[in-house]
Amino acid sequence: SGRVDSRSPSVDMRLALLLALPALAAAFGAGRVAPVRAAAPAFASVRSAFARVSMTSTEAPVDAATDAPAASAKETFTFEAEVARVMDIIVNSLYSNKDIFLRELISNASDACDKKRFLGLTNEGASAGEGAPCIRVRADKKARTVTIEDMGVGMNREDLIKNLGTIAQSGTKKFLESLKVKPGESNMIGQFGVGFYSAFLVADKVSVVTKAVNGEQLRWESNDDKSGSYSIEQDASDPIEGSSGTRVVLTLKEDAEEYLDEYKLRSLLGTYSEFISFPVELWAEKTEYERVVDEEAAPASEGEPARMKTVPKTTATFERLNKAKPLWMRPPATITEDEYADFYKSAFKAWDNPIRLAHFSMEGQVEFKCLIFVPTTLPFELSQEMFAQADSGAVRLYVKRVFISDRFSAAVLPRWLSFLKVLIDSEDLPLNVSRELLQKSKVLSIVAKRVVRKSLDQLLDLSEDDANFGPFYEQFGKYIKVGLIEDRDNKDALLKLARFSSSRNAVALAKAKSVEAGSEAEVMEAGALTSLEAYVSRMPEGQKQVYYVAGTSKAALEGSPVLEALTAKGYEVLYALDSVDEIALQGIGEFKDLPVVDAAKQNADLGEESEEEKETNDQSQATLASTLTFLKETLGSKVDKVELSRRLRSSPAAIVQPQWGMSPQMERFMRAQAVAMGQSEELDGMPGGASTAILELNPTHPVVRQLDLLVKTQPGAEATREYAQLLYEVAAVTSGYEIADPAAFARRITALMATDGVAEAEPAEEAEMAVTPVEIMEGDE
C-alpha cells in the first residue's frame, strides 16, 4: 500500500504470513498424523517475523524525512524464549533430585481430583453415583513405563494446550481464581505451573491420555526429538475409568529404570504422598501359599488323606498406601494422646512416646499449622553426634499435606533445639519453584520465632514436673546449656531451665558440724541438680556473688582447696563438670543483678575481712616475705606471682587464675580442639594454664611454716628447692592442673614417704633396702 511505509513492522508481519501460506497449506494438505509438527518450519518463519518486533500498542510514528521512528516514540516489546532451551532449564536446573517427579505428578493428580470434587458440589463435576476419585500408580518393566492415573476432572483440547502446552501456566491457580476461592481454603497444591515438566527428569517421552466430563478421550504426547514440540490427537487406547480422568504414561530413560521397581515406588509414595487427601494405590504383586493335592506323589493308601503340597500363588492388584491421616489438619480437641503418640512414631520413625507436645496454627500475616514433639529418649544418632539433626531430620516441611523436605531444620530451629521433632505445613514459606530450597525472608523469620517460642513454652511447662524433668534433663541438658551460649534472645527463659550440680551437701554438712551436736544436715539427694533460681533462694546474708568452679568430676571439686573458705562461710558453689557448663556459666554474666563468677579466680568475693583478720594477714605478710620471694624465684615462669591466701583453710596452697585467665578444664578442652583441627601450636601463646596463674599460700599451715624455716636457715640447699617444687606441684594437682613432669613429682613424693619413716613398719632388712637409694641421692646429710 502506498500509504504504509515499506519498513513498517506491519509490512514485515504481513509479508511473513504471505510467504508462510504455501508451506502451511502443503503441510496440512499432506494428510500427516501430526500436522502441527509438519508445519513447524512454516510456523518458525512466522514466529521469527513476530519476534523482530512485537508491539503491544499502535505502530510508532515515522519521521517522513528520515523514514525512521520518531525519537520521542515509546516502543514496548515482549520477551522471547527458545522453547527447547527453556524446557532444558526447567528439567535440568530447577530440580536436583529425580525422585521429585513422582511427588509433583501425584500432587497434580490430587489437584485434579479436588477440582472434580469442587465442580461436583455445583452439579458440574462427576456423574451421579460415581465413586470417590483415587490415584493409581503402575510400573510396567517390559514396556519400561510408569503410569500415574487419576479419576479427576480431566482435560479437553483447549485445556491440554493451555495447561501442558504453556510453560508456567498453573491450571490449579487459574481454577481457584475462577471460583474466587482463597488458596488457604482449598487443599489444592499447584502453584508454579512447572511441576508436570519434572516428568522429563526420568522420561524420554511423556504421554497424557485424558477425558473431560462429557468430552472425548484425547492423547497429548511429547516428541522425543528435543524440539520442544508436542502433538494432540484422539485416543483409542484403554478408556479412562469413570466420567473423567487423566492417565500420564512415562517412558523411562535408561538411567531411570530404578523407578520400575515396586519397592522404590512404594518408598517414594510413602515419603512424599503419605497424607494426600485421596487414596493413592500402587499396583503390587502379592504371593500367597496354598495347599493343593500333590498329583506327582504316589497314591495314598486306602483310608489315608491325599498327599498335599504347598505352592506359591502370585496375584497382582492395587494396594492403598496412604492410610495415615494428616493429624495436624484436625482440631487438637478431637485428637487423643494415643493418636499423637502413634503419629509421632510413624512420621519420625521413633520408638519412644513424646514427653510433651504442642499442636497449634497461626493465621494472619503468615499461615501455617505445626506439631512439636519433645522426645523422651535421646535418639541413637544424637548420642553419637550431638548436632546430627541440626541441618536435617528435626523439621519436616509440608505444603498442603505433601512432604517437601526434612533438610530445612537449620532455617527453622536453632542448634540447641535440634533434638525436637517438628512438623510444619504452610504454603506461605518462601520455597523456590522446585520446592527444594527455602529462601530467607521475613516470613521464615516469623515462623521460626513462633516455633521457638512454643518449644520453650513446652520445656518450661515440663520443668515444673520434677518427676519427668529430671530424666529429660539428664539426656538433653547439654542442649539447654548450648542455648545459653548461643541464643541471647531467649537467655531469661533458658536460665529457668538450666540445672547444675552444686556444693549444697558439702555446705550443709559443714554447717551441721559448726552447730550443736545432734543437729542434722539438710542434705540433697545424691545426683540432684539445682536451678539458679533455687540457688539464689538459699544464699545466706552477706553473699554478693553467684559462684561456680570447673572440674572433671564432682568428687574432685568437693576436695578443691579454692572452695574451703566459701564452704566455711556457708556459700554454695555451682559445679561446671564439662566445658559446656563452664562456657554457659561464663556467658551468663549476671543473674538477678548478682555477678556470676569463677570461685577459682582472683576476682571472687570472699566476704569482708575483719580488723583482726587484716592485722593477722599483715603480720603473716611481713613474716613470709622472704619465702614468697624465694618461691617466685624458684618456680620462675611456672607462676605469675606468689601471694598469701584468704580462701584456704586446711590446704597448704592452691593455684588460682586472674579474672581473665583460663581454667585448667577449659585449657584442656581448647588444646583438644586445637589438636583435632591441627592448630595446636597456636595455643602456645594463649593466656591460661598454671604459667599465668597465682600461687596462693596458707600462712597458718605447718607445711608453709616448714618451708619458711628452710628458706631462712638453708636458702641455698637443694632440699629447700625440692620442697618448694613439691609444694607447687601438690597445689597444681589439687587445683585441677596437669603436672608437666609426672616422673619428677613421683620421685619427690617417694623421697618424702621414705624420709618420713613410712618404711618403719616394714621388716628391718626391707627397710634398709628401701632407704639406701634415697641416702645415695641426698648425700651424707
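Cut-offs applied
- Residues numbered from 1 in each chain as written.
- Predicted model: local features only at pLDDT ≥ 70, side-chain atom pairs only at ≥ 80, totals over all residues.
- Heavy atoms only, no water.
- Pairing = 2+ DSSP bridges.
- Helix = DSSP H or I, 4+ residues; strand = E, 2+ residues; numbered from the N terminus.
- Contact = heavy atoms within 4.5 Å.
- Axes fitted to C-alpha atoms, helices over the stretch in contact; angles between N-to-C directions.
- Core = buried A, V, L, I, M, F, W, Y, C linked by side-chain atoms within 4.5 Å.
- Buried < 20%, exposed > 50% of the residue type's maximum accessible area, 1.4 Å probe, protein only.
- Polar contact = N/O pair within 3.5 Å; in protein donor to acceptor, adjacent residues only side chain to side chain.
- Parallel < 35°, antiparallel > 145°, perpendicular 65-115°, else oblique.
- Left-handed = near helix turned anticlockwise from the far one by under 90°.
- Nonpolar A, V, L, I, M, F, W, Y, C, P; charged D, E, K, R; others polar.
- Phe/Tyr/Trp six-rings, centres within 6.5 Å; stacked < 30°, edge-to-face > 60°.
- Lys NZ or Arg CZ within 6 Å of the ring centre and 35° of its normal.
- Salt bridge = Lys/Arg side-chain N within 4 Å of Asp/Glu carboxyl O.
- Arc of directions from axis to C-beta.
- Expected span 1.5 Å × (residues − 1).

J.: Hey, could you run me through the sheet that holds strand β18 (residues 573-576) in this one?
T.: By way of backbone hydrogen bonds, the strands of a sheet pair with one another, either parallel or antiparallel. Spatial ordering of the open sheet is given by β16-β18-β17-β20-β19, a layout of five strands whose pairing is mixed. In the strand order of this sheet, the two ends are held by β16 (501-502) and β19 (590-591), each with one partner. Judged from the two bridges that link them, β19 and strand β20 (residues 594-598) form a sheet pairing that is antiparallel. Residue glutamate 590 lies in a different strand from β20, and its bridge partner there is proline 595. The strands touched by helix α19 (residues 579-588) within the sheet are β17 (546-550), β18, β19 and β20, with β18 carrying the most contacts at an inclination of about 135°.

J.: Where do I start with the nonpolar core in this structure?
T.: It is characteristic of soluble globular proteins that their nonpolar side chains tend to be buried jointly. Ranked by size, the top nonpolar core spans 83 residues in total, and within it Phe419, Ile424 and Val451 carry the most contacts. The dominant element in this core, judged by the number of residues it contributes, is helix α12 (residues 442-463), at nine residues. In this view, phenylalanine 419 contacts Val374, Pro375, Leu382, Gln389, Leu459, Phe472, Phe476 and Tyr479; residues no more than four positions away in its chain are not counted.

J.: How should the environment of serine 651 be read in this particular structure?
T.: For serine 651, the location among the structural elements is in the loop between β21 (641-644) and β22 (653-656). Along the backbone, serine 651 and alanine 731 are 80 residues apart, and their C-alpha atoms lie at a distance of 8.5 Å. With residues up to four places along the chain from it excluded, the contact list for serine 651 reads Pro561, Glu564, Asn698 and His701. In this structure the side chain of serine 651 is engaged in a polar contact, spanning 2.5 Å, whose partner is the side chain of glutamate 564.

J.: Looking at this structure, I do not really get the environment of serine 579. What am I missing?
T.: Assignment of secondary structure puts serine 579 in helix α19. On a C-alpha basis, the gap between serine 579 and methionine 670 in space is 9.3 Å, while along the polypeptide they are 91 residues apart. When residues no more than four places from it in sequence are discounted, the contact partners of serine 579 are Gln665, Met666 and Phe669.

J.: I'm lost on the side chain of serine 645 in this one. Help?
T.: The residue serine 645 is located in the loop between β21 and β22 in this model. With relative accessibility at 8%, the residue serine 645 sits in the buried group. Here arginine 647 takes part through its backbone nitrogen, which lies 3.0 Å from a polar atom of the side chain of serine 645. In contact with serine 645, not counting residues within four places along its chain, are Glu696, Leu697 and Pro699.

J.: Where do I start with the packing of helix α5 (residues 100-121) against helix α8 (residues 262-272) in this structure?
T.: The angle between the axes and the distance between the axes are what describe a pair of packed helices. Where α5 meets α8, the axes come as close as 10 Å, and the angle between the chain directions of the two elements is 60°. Considering their axes alone, α5 and α8 lie oblique with respect to each other. In terms of crossing hand, the pair formed by α5 and α8 is right-handed. Contacts between α5 and α8 involve Leu102, Arg103 and Ile106 from the former and Leu265, Leu268, Leu269 and Tyr272 from the latter. Of the residues assigned to the contact of α5 with α8, the class counts are six nonpolar, no polar and one charged.

J.: What is the right way to look at the packing of aromatic side chains in this model?
T.: How two aromatic rings sit relative to each other is given by the distance of their centres and the angle of their planes. Counted according to the given criterion, the structure contains 25 aromatic pairs. Look at phenylalanine 196 and tyrosine 197: their rings are 5.5 Å apart centre to centre, the planes differ by 75°, and that puts the pair in the edge-to-face class. For tyrosine 197, a relative accessible area of 2% puts it in the buried group. For the pair phenylalanine 348 and phenylalanine 373, a centre-to-centre distance of 6.1 Å together with 70° between the ring planes defines the contact as edge-to-face. Taken together, the positions of phenylalanine 348 in helix α9 (residues 337-348) and phenylalanine 373 in strand β12 (residues 368-374) put the pair 25 residues apart, joining distant regions of the chain. Residue classification places phenylalanine 348 among the buried residues on the basis of a relative accessible area of 9%. On the basis of relative accessibility, which here comes to 0%, the residue phenylalanine 373 falls in the buried class. Sitting above the plane of the phenylalanine 318 ring, arginine 136 keeps its charged end 4.6 Å from the centroid. The lysine or arginine in question, arginine 415, covers the ring of phenylalanine 387, its NZ or CZ lying 4.0 Å from the ring centre.

J.: Looking at this model, I keep getting lost on the pattern of salt bridges. Mind explaining?
T.: Note that side chains of opposite charge can pair when their charged atoms are close. Enumeration according to the criterion identifies 32 salt bridges in this entry. Lysine 641 is the salt-bridge partner of glutamate 643, the closest N and O atoms lying 3.9 Å from each other. With relative accessibility at 33%, the residue lysine 641 sits in the partly exposed group. Here glutamate 729 ties to arginine 748 by a salt bridge, and the two come within 2.7 Å at their closest N and O atoms. Of the two residues, glutamate 729 sits in helix α24 (residues 718-734) while arginine 748 sits in helix α25 (residues 742-755), which places them 19 residues apart along the sequence. Comparing glutamate 729 with arginine 748, the two get one shared label, buried. Through salt bridges that share partners, Lys205, Arg219, Glu221 and Asp235 make up one connected network.

J.: Can you help me understand helix α6 (residues 157-164) in this one?
T.: Because the α-helix completes a turn every 3.6 residues, residues three or four places apart line up on one side. Turning to α6, its buried residues number three or more, namely Leu160, Asn163 and Leu164. Each buried residue of α6 lies within a common arc of 90° when the element is viewed along its axis, so the set occupies one face. The distance from a side-chain oxygen at the start of α6 to the backbone nitrogen of glutamate 158 is 3.1 Å, and the residue carrying that oxygen is asparagine 156.

J.: Mind showing me how you'd approach α9 here?
T.: Here α9 is twelve residues long and its end C-alpha atoms lie 16 Å apart, about the 16 Å a rise of 1.5 Å per residue gives. Along α9, the residues classified as buried are Tyr340, Ala341, Phe343, Tyr344, Ala347 and Phe348. End-on, the buried residues of α9 take up no more than an arc of 165°, which puts them together on one face. For α9, the exposed residues lying more than 90 degrees away from the buried face are Asp338 and Asp342. The secondary structure elements touched by the buried residues of α9 are β11 (356-362), β12, β13 (395-399) and β15 (421-425). One or two steps after α9, the chain reaches lysine 349, where phi turns positive at roughly 55°.

J.: Mind showing me how you'd approach the side chain of serine 501 here?
T.: Relative to the helices and strands, serine 501 resides in strand β16. Given the relative accessible area of 11%, serine 501 is considered buried. If near-sequence neighbours (up to four positions away) are discounted, serine 501 is found in contact with Leu529, Val573, Leu574, Tyr575 and Leu577.

J.: Just checking my understanding: could you explain unusual backbone geometry for this structure?
T.: The bulk of non-glycine residues show a negative phi, and the bulk of peptide bonds are trans. In the Ramachandran plot, lysine 349 falls in the positive-phi region, its phi being about 55° despite a non-glycine side chain. Here lysine 349 shows up in the loop between α9 and β11. Looking at lysine 349, the relative accessible area reads 69%, which means it is exposed. Phi at arginine 401 is positive, roughly 75°, even though this residue is not glycine. With respect to the helices, strands and loops of the structure, arginine 401 is situated in the loop between β13 and β14 (402-405).

J.: I tried to follow the sheet that holds β22 on my own but got confused; where do I start?
T.: The mixed open sheet is built from three strands, whose spatial order is β21-β23-β22. Edge strands, defined here as strands with exactly one partner in the open sheet, are β21 and β22. Across the sheet, the mean angle separating the axes of adjacent strands is 25° when strand polarity is ignored. Pairing of β21 with strand β23 (residues 694-697), which is carried by four bridges, proceeds in the parallel orientation. Bridge assignment links glutamate 643 to a residue of β23, and that residue is glutamate 696.

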